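Structure at a glance
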Amino acid sequence: LLPALQSKAIVPFSLVGLSQSGGSQEDCGVDFHEFENFREHILSEALVACYRSSRVYFLRSCASAIEEFCNADHTPHIPYQLEAALFCVGAVAMDASKRALLANASPAAQAAAAKASSFRRGENQSLDIAEDSKRHSEQLARCTESLAKNPSSVTSNPFALAQMCRFIGKYANWYSKAQTPALLDKAAELSLSSFNLAFSSFLDETSSSFIQEMSISPFAEAATALRNILSRCPAHFAKPQALSVLGSGWERLYSNEGSNERINIEDREAICSGICRVLAALPPDQWATSLSALARPTIECLEIVTKKADDSLAATKKATCSSDDFGTLMSVLTRMANEIRLLCTITRSFNLATMKQRDAMASGSKTSTDSVKDPENPLFGMFRRIWPCMSHIAQKFSSYEKITNVLGDFLTDAVSIKGNDGSAMSLLKELSDMSITIMGVAANGDEISAVVPMLGFVREAVDIYGHLADSDVADKASGVTSTTPTASEARQIVEQLLSLGFGALQFSINKANNAGREQGRGQEPTESGPEQQTRVQNRSPDALSGMFSLLTICVERCAILLIQLPSNPGNDREGEGLFTLSVETAASCIHEKEVDVARSSMIFLKTVIDLKGSLSQDTTGSESNVTRARLIIPVMDSAIQRVREDVFMCLITGACGVFPREVLDPAASVLFSLLRILSAEDAEALSAAALNQKQFLLGQEAQLVVLTVLGRCSKGTVAPSVLMDCFADLWQMHQGDDAGAIAGGDVIMDFARKYGA
């Protein structure tokens, strides 16, 4: 069977312009994409089944084929036959890599794997897993050695090159733990040399057309393979020679003309993240220098591109401008956005990779009497270098969506960087100022969707600094003088960000409230006048879901600050706080057709209800908890009282087939939390009223079942999952056009038995 499957993996020669061995060129009946789809799905499943029936034989057969084709005299057919053999080994990588890794495992781990394997195969005899895994490693090493000895066997053909890189990427974990370190070096060398071919090979029209037809380019596969290798064993490459090779490859992306067209931004990000992992494995005193060297070409390119963008923007404002001028500007802005994306990758990857080391250093410095001052985070130096350019971009180009999106990512990644209190707070201030600038540009252009990227940054800032802001508010409310200037500064920054962010979204908030009230009365929301029509279009579902996500983290991290924020001037409900208005907005959005909006509004409401419940039940009596309860409970209780009936009715109605299926679990979770804070009388009255709505079509018997479940939820005798299951059953029974016909029937009796009613 295996030889037949292997032959099916070879691309039909007619699809690549080659004749069969007999000289004919018969049509295979499928196109190239159909063949790739067949291999990736149908043939792959068959190969995995074949491998599991005889693992070592499968790998030995494929390794022999790879070895044979690598050593064979070159013919036009050989690369495609080699590619097929590599595909077969790659198809079983998930299982084969795990089995090969057992060669280095403990005897106990090997015994457990052998037992599990025998159980799956239905055999009583024990498998010699140590010998089996050793043979796996030998065959994978054999494949690698063959490719390394004769790389020209694959580098001459983009299809074979892509498959070799995919093979290396899939087995990267095995390479990183192989008993022979030379295999890791050879895999890395093959990946990097393959990536470098983007600058010199396959430049002819035929090869370029073939690469475009492939599902993924060989250079993308090479970038992924190299990232996987570097990320899994960064310390191995944190040596001068390896760093020099990696640095040269990285700089070629900027020095080689045309590389930006051949290597897309995702592949550059993959390479960049892998290099960042390697740099983080260096001693901390080398971080700043190495990071500066990595970021330098990106920063210099961004500065050049920004100058070009200034010139292109000026050209579009001339009376003689043409469509070509606008096209040039868009092209330049795309390159600008890509370079900022790379700065985000550097920031995020390096920060995550060094976080554990920096935490360990900080912990050691606090306990050691000989400790020295913690060195500055090297990312701060990079930010100082790029800040003038980034500020200029925010001021002049944040009205363009592609720029606003990447600036939002940059701010979000940057705010999570740790440093001493002074440097971290200084960075927060700079990032906040940039965010405020961008939100101001978006507000002036009346583009609500442009605020969405900033909401992610504000959310991250609240998650990190919200507890400091809340502490400062609580201290002031208690008449305590704060002894930490950082807390006061954090409160001012967070408060300003929240006020401006919610202010920019004010129209979406008001619009959602109005729509909710109209739909609550069974009316369709209406608009009139050209100004209203324009502003309705600017209402963004992403903005609403982002707002509720931000509100949720505010409740978790700085609830006291949130409930004291005033509502923005200009709305028709002056005198009410932002928190109360937000709760009403969330209640109005429960029945939104946009799933993300409905789900995020429910999560926000649940968070509010749960916090109110936990504070009410807190018996610790600590001064801080007493202060929090005194400040928070009255406001939250008042807001919940105003919406609880509408929320209760809406949740039950939604479970009767109205909600999208995706929001049933969060809807049940909200209702469960609400039932837990209501008195038994209120819970019973609201439950009865909600089930008497016309949307409930299942009859009195089903009503009694649901009432029983709701009563148990109110008493806390069942878990939230029970109500989730009940909602799912209700929703399913209401899906048919004849839902009312099942009342009193067998389906309802099964429903009653399931919930013990």
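Residues numbered from 1 in each chain as written. Predicted model: local features only at pLDDT ≥ 70, side-chain atom pairs only at ≥ 80, totals over all residues. Heavy atoms only, no water.

1. Details of the overall build of the protein chain
On a plain count of helices and strands, the protein chain comes out with 36 helices and 0 strands. A total of 757 residues make up the protein chain; the buried ones form 50% of that total. Here the protein chain has roughly 34,300 Å² of accessible surface; of this, 51% comes from carbon and sulfur atoms. (Helix = DSSP H or I, 4+ residues; strand = E, 2+ residues; numbered from the N terminus. Buried < 20%, exposed > 50% of the residue type's maximum accessible area, 1.4 Å probe, protein only. Areas by Shrake-Rupley, 256 points an atom, 1.4 Å probe, with all protein chains shown as cover.)

2. Observations concerning helix 20 (residues 378–397)
Under the 1.5 Å per step criterion, the end-to-end length of helix 20 is 28 Å for 20 residues, consistent within 8% with the ideal 28 Å. Approximately 50° is the largest bend angle found in helix 20, and it occurs at Ile386, with the proline Pro388 only one to four residues beyond. The distance from a side-chain oxygen at the start of helix 20 to the backbone nitrogen of Leu379 is 3.0 Å, and the residue carrying that oxygen is Asn377. (Expected span 1.5 Å × (residues − 1). Bend = angle between axes of the 7 residues up to and from the residue. Polar contact = N/O pair within 3.5 Å; in protein donor to acceptor, adjacent residues only side chain to side chain.)

3. Digging into helix 12 (residues 205–213)
Turning to helix 12, its buried residues number three or more, namely Ser207, Phe210 and Ile211. Summarising the axial view, the buried residues of helix 12 lie within an arc of 100°, below the 170-degree limit, and thus occupy one face. Facing away from the buried side of helix 12, by more than 90 degrees, are the exposed residues Glu205 and Gln212. (Arc of directions from axis to C-beta.)

4. A few points about the pattern of salt bridges
In this structure the tally under the stated criterion is 31 salt bridges. Here Arg142 and Glu67 are joined by a salt bridge, their closest N and O atoms 3.0 Å apart. Linking Arg142 in helix 7 (residues 129–149) with Glu67 in helix 3 (residues 55–71), this pair joins segments that are 75 residues apart in sequence. Judged by its relative accessible area of 29%, Glu67 is partly exposed. For the salt bridge of Lys429 with Asp433, the shortest nitrogen-to-oxygen distance reads 3.0 Å. In this pair, Lys429 and Asp433 are both assigned in helix 22 (residues 421–444), 4 residues apart and thus about one turn of the helix distant. By relative accessible area, which is 32% here, Asp433 ends up partly exposed. Within this structure, Asp472, Lys476, Arg491 and Glu495 form a network of salt bridges that share partners. (Salt bridge = Lys/Arg side-chain N within 4 Å of Asp/Glu carboxyl O.)

5. Let's talk about the environment of Thr653
As for its placement among the helices and strands, Thr653 is situated in helix 31 (residues 623–658). Taking the C-alpha atoms as reference points, Thr653 and His591, separated by 62 residues in sequence, lie 9.4 Å from one another. Setting aside chain neighbours within four positions, we find Thr653 in contact with Val658, Gln693 and Gln695. For Thr653, the side chain forms a polar contact with the main-chain oxygen of Met649, separated by 2.8 Å. (Contact = heavy atoms within 4.5 Å.)

6. Observations concerning the environment of Lys239
Tracing the backbone through its elements, the reader meets Lys239 in the loop between helix 14 (234–237) and helix 15 (240–255). Since its relative accessible area comes to 43%, Lys239 is described here as partly exposed. Taking C-alpha positions, Lys239 is 9.7 Å from Ala281, a pair spaced 42 residues apart along the chain.

7. Details of the packing of aromatic side chains
For any pair of aromatic rings, the description rests on two quantities: the centre-to-centre distance and the angle between the ring planes. Counted according to the given criterion, the structure contains 11 aromatic pairs. Summarising the aromatic geometry, the rings of Tyr51 and Phe58 are spaced 5.7 Å apart at their centres and angled 80° between planes, so their arrangement reads as edge-to-face. Accessibility assignment for this pair places Tyr51 and Phe58 in one class, buried. Residues Phe548 and Phe604 carry aromatic rings whose centres are separated by 6.2 Å and whose planes lie at 25° to one another, so their mutual orientation is stacked. Of this pair, Phe548 sits in helix 27 (residues 541–557) while Phe604 sits in helix 30 (residues 595–617), and the two are 56 residues apart along the sequence. Residue Phe548 is classed as buried on the basis of its relative accessible area, which comes to 0%. Here Phe604 falls in the buried class, since its relative accessible area comes to 0%. Feature note: the residues Phe32, Tyr80 and Phe159 constitute an aromatic cluster, connected by ring pairs. Sitting above the plane of the Phe87 ring, Arg39 keeps its charged end 4.2 Å from the centroid. Positioned over the ring face of Trp731 is Arg661, at 6.0 Å from the centre of the ring. (Phe/Tyr/Trp six-rings, centres within 6.5 Å; stacked < 30°, edge-to-face > 60°. Lys NZ or Arg CZ within 6 Å of the ring centre and 35° of its normal.)

8. A look at the packing of helix 34 (residues 699–715) against helix 35 (residues 720–733)
Packed helices, taken two at a time, are described by the angle between their axes plus the distance between the axes. Interhelical geometry of helix 34 versus helix 35 gives an angle of 160° and a closest axis separation of 10 Å. Put simply, helix 34 runs roughly antiparallel to helix 35. In this structure, helix 34 crosses over helix 35, and the sense of that crossing is left-handed. Across the interface between the two elements, Val706, Val709, Leu710 and Cys713 from helix 34 touch Val722, Leu723, Cys726 and Leu730 from helix 35. Taken together, the residues of the contact of helix 34 with helix 35 break down into 8 nonpolar, no polar and no charged. (Axes fitted to C-alpha atoms, helices over the stretch in contact; angles between N-to-C directions. Parallel < 35°, antiparallel > 145°, perpendicular 65-115°, else oblique. Left-handed = near helix turned anticlockwise from the far one by under 90°. Nonpolar A, V, L, I, M, F, W, Y, C, P; charged D, E, K, R; others polar.)

9. Here's the deal with the packing of helix 3 against helix 4 (residues 78–91)
As a packed pair, helix 3 and helix 4 sit with axes 9 Å apart at the nearest point and diverge in direction by 155°. One way to sum up the angle between helix 3 and helix 4 is to call them roughly antiparallel. Like other packed secondary-structure pairs, helix 3 and helix 4 cross with a definite hand, here left-handed. In contact with Phe58, Leu59, Cys62, Ala65, Ile66, Phe69 and Cys70 of helix 3, helix 4 contributes Ile78, Gln81, Leu82, Ala85, Leu86, Cys88 and Val89. Within the contact of helix 3 with helix 4, the residues separate by chemical class into 13 nonpolar, 1 polar and no charged.

10. Things to note about the state of the cysteines
Inspection of the entire model under this criterion finds 0 disulfides. There is no disulfide at Cys70, and the cysteine sulfur nearest it, in Cys143, is 8.8 Å away. (Disulfide = S-S within 2.5 Å.)

11. Observations regarding the environment of Glu40
Along the polypeptide, Glu40 turns up in helix 2 (residues 32–53). Remark: the alpha-carbon pair of Glu40 and Ala91, spanning 51 residues in sequence, is separated by 8.1 Å. The contact partners of Glu40, leaving out residues within four places of it in the chain, are Phe87 and Arg166.

12. What about the side chain of Gln163?
The topology assignment puts Gln163 in helix 9 (residues 158–170). A relative accessible area of 6% means that Gln163 is categorised as buried. Excluding anything up to four places from it in sequence, Gln163 contacts Arg39, Glu83, Leu86 and Phe87.

13. Observations regarding the confidence of the model for the protein chain
Segments scoring low in pLDDT should not have their predicted coordinates read at a detailed level. Averaged over all residues, the pLDDT of the protein chain is 85; the fraction at 70 or higher stands at 86%. The weakest mean pLDDT in the protein chain belongs to helix 26 (residues 530–537) at 35; the strongest belongs to helix 32 (residues 664–677) at 96. Per-residue pLDDT stays below 50 along residues 366–372; that stretch engages in 2 contacts with residues further than four places along the chain or on separate chains. Low pLDDT (under 50) marks residues 517–538, which in the prediction has 23 contacts with non-local residues, meaning those over four places away or in another chain. (pLDDT = per-residue confidence, 0-100.)

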